[in-house]
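If you want the building blocks of each chain, they are given just below.
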Amino acid sequence: MAGGNVAAFAVIILAALLNGSFAAVSKIPIVRRANVHPIVFNFYVSIGVLLGSYLSLIGLHDNKDFVDSDSDASTAFAISVYGVLGGCLLELALVFSFLAIPLVGLSLAQGVWGGTAILVSFVWGLTVFDETIKIIPLAAVGLLLLIVGVLGIAFCVPIGKLVVWRRKRKAAAAGEQPAEQHITDRTALLGGGANGDAAIDVKEGAPSAGKGFFGRALGFIFAIAVGLTGGSVLVPTKIEEKYEGIAFLPGFGVGAVALGAVLLLLYVGYRRMTAREEPIVFAPWPVLPAGLVSGLLWSGSNLGALYAIPKLGYSVAYPIYQCAIFFAGLWGIFVFKEISGVAVQTFFLAGAILIGGAACLAASE
């Protein structure tokens, strides 16, 4: 791997770290106690994305580092139509995630959209952008390991419960007293990224997650939609020919905040049409600053992805970007104590598989 690609690989890992951390802001106790609706928090995040996109313009004069070597790097300020489209795709991914989680639960939804996003981004790179993979078998192994790792992380709690149950059953059959093994039922913080379920606090196994076959089928459809839109968020960067790299970001921020505002207005209109008695909670303090920080973190991850994609290719960089679910899980384990017991062992095993997949995919380029 060339030196430039090593740097790009390091940057995309950092981008995944930031992408896996932006949702953690919504878990801060003072923010959770405000009890705002996810659509409201989502709008605040979109303002942060807009702010981060415009702060990135500080480096516009170095835009040549963010585009292909044979491209003319624009250093002019402009609102790119394709940038607006990318921002809208981000907002759609957020909304679909809000719809999927109550129907099928957080872990299942994340497993579905994480795997879908990896496959979608890989297919985009190979079929539409004509990217080439030097070692195809190694790329296939890497892709498979990434999907297995994502599913393992998403289902670490139910897998941990199954392991504990089997151990107790085996001990009972042998006439032994099974050791007490604790595993939490609290919701895992596995938000992510280009997927963005910030501020959602859904308990696993909640009654709303079992609304019959139709409800679960609809939840699967929404989760797949998250993967389709989330895995395509940066596709417009490959279509845009004039405003590439950092020059792409002003339009991205405008698209995110514009659609976020439209969704907020639709939500307010829906509440009024249904004559809900509960007032809509906006809580500018402390939720607005938290949303801004969350959006800035995501913007940092987006900037890193923009740097790495031209050097690694969309089919390699963006699947690795989905490793954000691993970093989100680390927040859940070490800071918010939302995963414990055997589930932690399952998480780190799945994380090792995920990292192995990312290494294979990087080496195949």
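Residues numbered from 1 in each chain as written. Predicted model: local features only at pLDDT ≥ 70, side-chain atom pairs only at ≥ 80, totals over all residues. Heavy atoms only, no water.

Trainee: Could you clarify how one ought to interpret the overall build of the protein chain in this entry?
Mentor: From N to C terminus, the protein chain includes 14 helices and 0 strands. Along the protein chain, helices and strands appear, N-terminal first, in the series α-α-α-α-α-α-α-α-α-α-α-α-α-α. Each of the 365 residues in the protein chain was classed as buried or not, and the buried ones make up 55%. Counting only contacts in the protein chain whose residues sit at least 6 apart along the sequence, the fraction spanning at least 24 positions is 87%. Of the roughly 15900 Å² that the protein chain leaves accessible, carbon and sulfur atoms contribute 69%. (Helix = DSSP H or I, 4+ residues; strand = E, 2+ residues; numbered from the N terminus. Buried < 20%, exposed > 50% of the residue type's maximum accessible area, 1.4 Å probe, protein only. Contact = heavy atoms within 4.5 Å. Areas by Shrake-Rupley, 256 points an atom, 1.4 Å probe, with all protein chains shown as cover.)

Trainee: Would you explain the packing of helix α6 (residues 136-154) against helix α14 (residues 342-363) in this entry?
Mentor: Packed helices, taken two at a time, are described by their axes: the angle between them and the distance between them. Relative orientation of the contacting elements α6 and α14 amounts to 155°, with a least axis distance of 7 Å. On the basis of the axis angle, α6 is roughly antiparallel to α14. For the pair α6 and α14, the crossing hand works out as left-handed. Facing L138, A139, V141, G142, L143, L145, L146, V148, G149, V150, G152 and I153 of α6, the residues of α14 in contact are T346, F347, A350, G351, I353, L354, G356, G357, A358, C360, L361 and A363. Within the contact of α6 with α14, the residues separate by chemical class into 17 nonpolar, 7 polar and no charged. (Axes fitted to C-alpha atoms, helices over the stretch in contact; angles between N-to-C directions. Parallel < 35°, antiparallel > 145°, perpendicular 65-115°, else oblique. Left-handed = near helix turned anticlockwise from the far one by under 90°. Nonpolar A, V, L, I, M, F, W, Y, C, P; charged D, E, K, R; others polar.)

Trainee: Looking at this structure, I do not really get the environment of A247. What am I missing?
Mentor: Here A247 is to be found in the loop between α9 (235-239) and α10 (249-273). Exposure remark for A247: the relative accessible area of 2% places this residue in the buried category. What A247 contacts, discounting residues up to four positions off in sequence, is L60, N63, S74, A76 and A78.

Trainee: Would you mind showing me how to read the packing of helix α4 (residues 81-104) against α10 here?
Mentor: Contact geometry for α4 and α10: axes closest at 6 Å, N-to-C directions at 40°. Judged on the interaxial angle alone, α10 and α4 are oblique. Where α4 crosses over α10, the handedness of that crossing is right-handed. Facing G83, V84, G86, G87, C88, L90, E91, L92 and V95 of α4, the residues of α10 in contact are G251, F252, G255, A256, L259, G260 and L263. Among the residues making up the contact of α4 with α10, the classes are represented as 9 nonpolar, 6 polar and 1 charged.

Trainee: Explain the side chain of T116 here, please?
Mentor: Checked against the element boundaries, T116 lands in helix α5 (residues 106-128). At 2.7 Å, the side chain of T116 and the backbone oxygen of V112 are in polar contact. (Polar contact = N/O pair within 3.5 Å; in protein donor to acceptor, adjacent residues only side chain to side chain.)

Trainee: I'm lost on the packing of aromatic side chains in this one. Help?
Mentor: Where two aromatic rings form a pair, the distance of their centres and the angle of their planes describe that pair. Within this structure, the stated rule accounts for 11 aromatic pairs. A ring pair is formed by F326 and F347, whose centres lie 5.3 Å apart and whose planes are at 10°; its orientation type is stacked. Here the residue F326 occupies a position in helix α13 (residues 324-334), and F347 occupies one in helix α14, the gap between them amounting to 21 residues. Here F334 and F348 contribute two aromatic rings whose centre-to-centre distance is 6.2 Å and whose plane-to-plane angle is 55°, an arrangement assigned as tilted. One end of the pair, F334, is in helix α13; the other, F348, is in helix α14, and 14 residues separate them in sequence. The partly exposed category is assigned to F348, whose relative accessible area is 33%. Following the ring pairs from residue to residue traces out a cluster consisting of F326, F327, F334, F347 and F348. (Phe/Tyr/Trp six-rings, centres within 6.5 Å; stacked < 30°, edge-to-face > 60°.)

Trainee: Would you take a moment to explain the nonpolar core for this structure?
Mentor: When a protein is soluble and globular, its nonpolar side chains tend to lie buried together. The biggest cluster of nonpolar side chains holds 80 residues, and the ones touching the most others in it are I12, V233, L234, F252, W298 and L354. For this core, the element with the highest residue contribution is helix α11 (residues 284-312), accounting for 9 residues. Once residues within four sequence positions are removed from consideration, F252 is found in contact with V49, S53, G83, V84, G86, G87, L90, V233, L234, W298 and N302. A100, A109, F222 and A223 belong to the second largest nonpolar core, which has 10 residues in total. (Core = buried A, V, L, I, M, F, W, Y, C linked by side-chain atoms within 4.5 Å.)

Trainee: Sorry, what's going on with the pattern of salt bridges here?
Mentor: Opposite charge on two side chains makes pairing possible when the charged atoms of those side chains draw close. In this structure the tally under the stated criterion is 1 salt bridge. Close ionic contact of E131 with K238 constitutes a salt bridge, the shortest N to O distance being 3.6 Å. In this pair, E131 is assigned in the loop between α5 and α6 and K238 in helix α9, connecting sequence segments 107 residues apart. In this structure K238 comes out as partly exposed when scored by relative accessible area, which is 30%. (Salt bridge = Lys/Arg side-chain N within 4 Å of Asp/Glu carboxyl O.)

Trainee: Please explain the confidence of the model for the protein chain as it appears in this structure.
Mentor: Segments scoring low in pLDDT should not have their predicted coordinates read at a detailed level. In this model, the protein chain carries an average pLDDT of 82, and 86% of its residues clear a pLDDT of 70 or more. When mean pLDDT is taken per element in the protein chain, α10 scores highest with 93 and α5 scores lowest with 80. (pLDDT = per-residue confidence, 0-100.)

Trainee: Help me understand the environment of A10 in this model?
Mentor: As for its position among the elements, A10 is in helix α1 (residues 3-19). Taking C-alpha positions, A10 is 8.8 Å from A308, a pair spaced 298 residues apart along the chain.

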